Amino acid sequence: MGQEAVAANGVAAGNKPHAVVVPYPLQGHVIPAVHLALRLAERGFAVTFVNTESVHHQTSRAMLGAGAADAPGGGGDIFAGVRARRAAASEPELDVRYELVSDGFPLGFDRSLNHDQFMEGILHVLPAHVEELLRRVVVAEDPATTCLVVDTFFVWPATLARKLGVPYVSFWTEPAIIFSLYYHMDLLTKHGHFNCGKEPRKDTITYIPGVPSIEPTELMSYLQETDTTSVVHRIIFKAFDEAHRADYVLCNTVEELEPSTIAALRAEKPFYAVGPIFPAGFARSAVATSMWAESDCSRWLDAQPPRSVLYISFGSYAHVTRHELHEIAAGVLASGARFLWVLRPDVVSSDDPDPLPEGFKASAAGRGLVVPWCCQVEVLSHAAVGGFLTHCGWNSILESVWAGVPMLCFPLLTDQLTNRRLVAKEWRAGVSIGDRGAVDAGEVRTRIEGVMGGEEGVKLREQVGKLRATLEAAVAPGGSSRGNFDEFVDVLKRRCGGGGGQ
Ligand SMILES: O=c1ccn([C@@H]2O[C@H](COP(=O)(O)OP(=O)(O)O[C@H]3O[C@H](CO)[C@@H](O)[C@H](O)[C@H]3O)[C@@H](O)[C@H]2O)c(=O)[nH]1
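The structure presented is a predicted model; accordingly, all values stated were derived computationally and were not measured.

Draft legend 1. The sheet that holds strand β1 (residues 18-22), seen in detail. The seven strands lie next to each other as β3-β2-β1-β4-β5-β6-β7, forming an open sheet whose pairing is parallel. Taken across any chain shown, the strands that pair with only one partner, and hence form the sheet edges, are β3 (96-101) and β7 (271-273). Strand-to-strand twist of the sheet, defined as the mean angle between neighbouring strand axes without regard to direction, takes the value 20 degrees. Pairing of strand β2 (residues 46-52) with β3 involves six bridges; the strand directions are parallel. Within β3, the position partnered with Thr 52 by the bridge is Val 101. Lying over the sheet, helix α2 (residues 53-64) contacts β2 and β3, oriented at roughly 85 degrees with respect to β2.

As structure tokens, then:
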């Protein structure tokens, strides 16, 4: 490279390796991508983090209040907080640049209410905006020192990386088993379990490399559907076509949690289990990542006895029906447990902002708190929390294990169904409260009582404790995730290291 590039933050890039990190524009993907980006920067990479204007706007609004974010240039750079924190601690500045692209829709467009239209934009419009940006960013740097670190769900990264002449690192934010099942969709089709033009087989699946056996009902929701023409199916088919051509795969899982699946994937391509990827210190992040304003629950939690509170959240993306919500609400009330319930404003639909049963809040007064969003890692770490009723999003599972909190599983869609199998069947770190549609207040009550007060809770907590020790060991010096990340960084630096990396 002839001239030394200078980042917007004034840091000279030199010929450091340069990672362009592109997260999928959903909360559960942006959070681990931000923390992966910081880890890469800490290891001497110049990082360009590419956010959509929409996610940026929403996180800035949540952090600063609507007024500030709506102002021209409002909200600035989500990494500004990290810079300030590091400067205050006299730590060296990280070279993280921040770029925004349009996802094709106006900022005010309700992406939750118009899900399929939003997904069509991700499939057809966002790629063009990202390509335009990357041509500028990669050319301004040096293709020889650059790599793309892109969420696996994108539909173009291998193709684009080839065009730009840079490596494609596929970043997978779900467990390895999910990657493997999508990666081997051809086998599922060949054996008649998925997308085979007739009623799929219902017997146990035993032929996926590294997955000794799995029931069809434990597959991801999209692999259980018979209409495979939806926009999400089209995204998955294309994304995994691209994933087959990834140069490296980074996965937010831990080798000891899924050893046989990971070993089998390693036989296919360089696959690095580097999780769990969390905010530093498992504490509120200095980077604005929450897409809704966080309510401070600490005072309320401080006033509750140890392990007495059931934390309830269904993540950022999936919706529940009113009926499901009412059955769960009745079960929670009947259990008598204290609870902290995150009820996202669109959890049923943006059109239905107050979906709890009439009188619920009054009946729960004194022992329950309902908030629209919170800092989940802080809540899970609080001594008052004794159980987590979760939709089984992968980040939530990792966070719950790290905090030592047993789970009550209510998966809604996508990987969550398979994730429940890991939690409840393989690890025995949680229990199911029933399936979608069939969830019943009586069963919910019994399950809550078992986990929060009974013998079952003691056993589950013991299991979660063992898993937590496994995770801690994986990220400690000599641990598998730490070693895998070191190896990945070495490999990537050899490939596009330039001369300035550490
Ligand atoms: O009040 C809340 C609720 C959630 N979170 C955070 O938001 C993230 C939620 O992620 P996750 O639990 O994985 O759920 P989703 O938001 O539903 O994530 C999507 O992305 C995940 C990773 O790809 C998938 O496993 C899920 O199925 C998919 O729905 C976690 O880091 C939580 O700590 C908060 O900070 N505050």
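Moving on, there is more to tell.
Draft legend 2. Structural view of the site of the ligand. For the ligand, the set of nearby residues contains 22 residues, the closest of which are Ser 316, Cys 374, Ser 396, Glu 399 and Asp 415. A distance of 3.3 Å separates an oxygen atom of the ligand from a polar atom in the side chain of Glu 174. Between the ligand and the protein, one listed contact pairs an oxygen atom with a side-chain N or O atom of Ser 396 at 2.5 Å. Relative to its free-state accessible area of 690 Å², the ligand is covered by the protein chains to the extent of 97%. Taken together, the elements giving at least two residues each to the shell around the ligand come down to α1 (27-42), β8 (309-313) and α17 (394-403).

Draft legend 3. Geometry of helix α21 (residues 480-496). A rise of 1.5 Å per residue sets the reference length of α21, with its 17 residues, at 24 Å; its end C-alpha atoms lie 24 Å apart and thus fit the reference within 8%. Buried within α21 are the following residues: Ser 480, Ser 481, Asn 484, Phe 485, Phe 488, Val 489, Val 491, Leu 492, Lys 493 and Cys 496.

Draft legend 4. Highlighting the pattern of salt bridges. Here the structure, examined in full by the defined rule, presents 31 salt bridges. Among the salt bridges present, the one from Glu 42 reaches Arg 86, with a minimum N-O distance of 3.8 Å. Taken together, the residues Glu 42 in helix α1 and Arg 86 in helix α4 (residues 80-88) connect sequence positions 44 residues apart. Since its relative accessible area comes to 43%, Glu 42 is described here as partly exposed. A salt bridge links Glu 199 to Lys 202, with the shortest nitrogen-to-oxygen separation between them at 3.4 Å.

Draft legend 5. Highlighting the sheet that holds β8. A sheet is described by the order of its strands in space; here six strands give the open sequence β10-β9-β8-β11-β12-β13, paired in parallel fashion. Among the strands making up the open sheet, the edge pair consists of β10 (368-371) and β13 (430-432). In this sheet, neighbouring strand axes are inclined to one another by 15 degrees on average, regardless of whether the strands run parallel or antiparallel. Relative to strand β12 (residues 407-409), strand β11 (residues 385-390) runs parallel, the two being bridged by three bridges. Of the residues in β12, the one forming a bridge with Phe 388 is Met 407.

The rules we used
The written sequence of each chain sets the order in which its residues are numbered from 1. Restriction of local features to residues with pLDDT of at least 70 applies here, the model being predicted, together with a cutoff of 80 or more for giving and counting side-chain atom pairs; totals for whole chains, interfaces and linings are based on all residues. Think of the side-chain values as coming from all heavy atoms in the structure, minus any hydrogens and water. The pairing criterion is simple: DSSP has to find at least two bridges between the two strands. Where helices and strands are cited, they refer to DSSP runs of H or I of at least four residues and of E of at least two residues respectively, numbered from the N terminus. Fitted lines through C-alpha atoms serve as axes, helices being fitted only where they are in contact, and the angles separating the N-to-C directions of these axes extend from 0 to 180 degrees. In what follows, a contact means two residues having at least one pair of non-hydrogen atoms within 4.5 Å. Each residue is tested against the molecule or strand, and it is near if at least one of its non-hydrogen atoms lies within 4 Å. Two N or O atoms count as a polar contact when they lie within 3.5 Å, although within protein this holds only if one can serve as hydrogen donor and the other as acceptor, and sequence-adjacent residues are included solely when both atoms are side-chain atoms. For the area figures, the Shrake-Rupley method with a 1.4 Å probe applies, and any residue is considered shielded solely by the protein chains shown. Multiplying one less than the number of residues by 1.5 Å gives the expected span of a helix. Burial here depends on accessible area, computed with a 1.4 Å probe over protein chains only, as a share of the maximum for the residue type. Under 20% is buried, over 50% is exposed, and the range in between is partly exposed. Each salt bridge in this description consists of a side-chain nitrogen of Lys or Arg and a carboxyl oxygen of Asp or Glu lying within 4 Å of one another.

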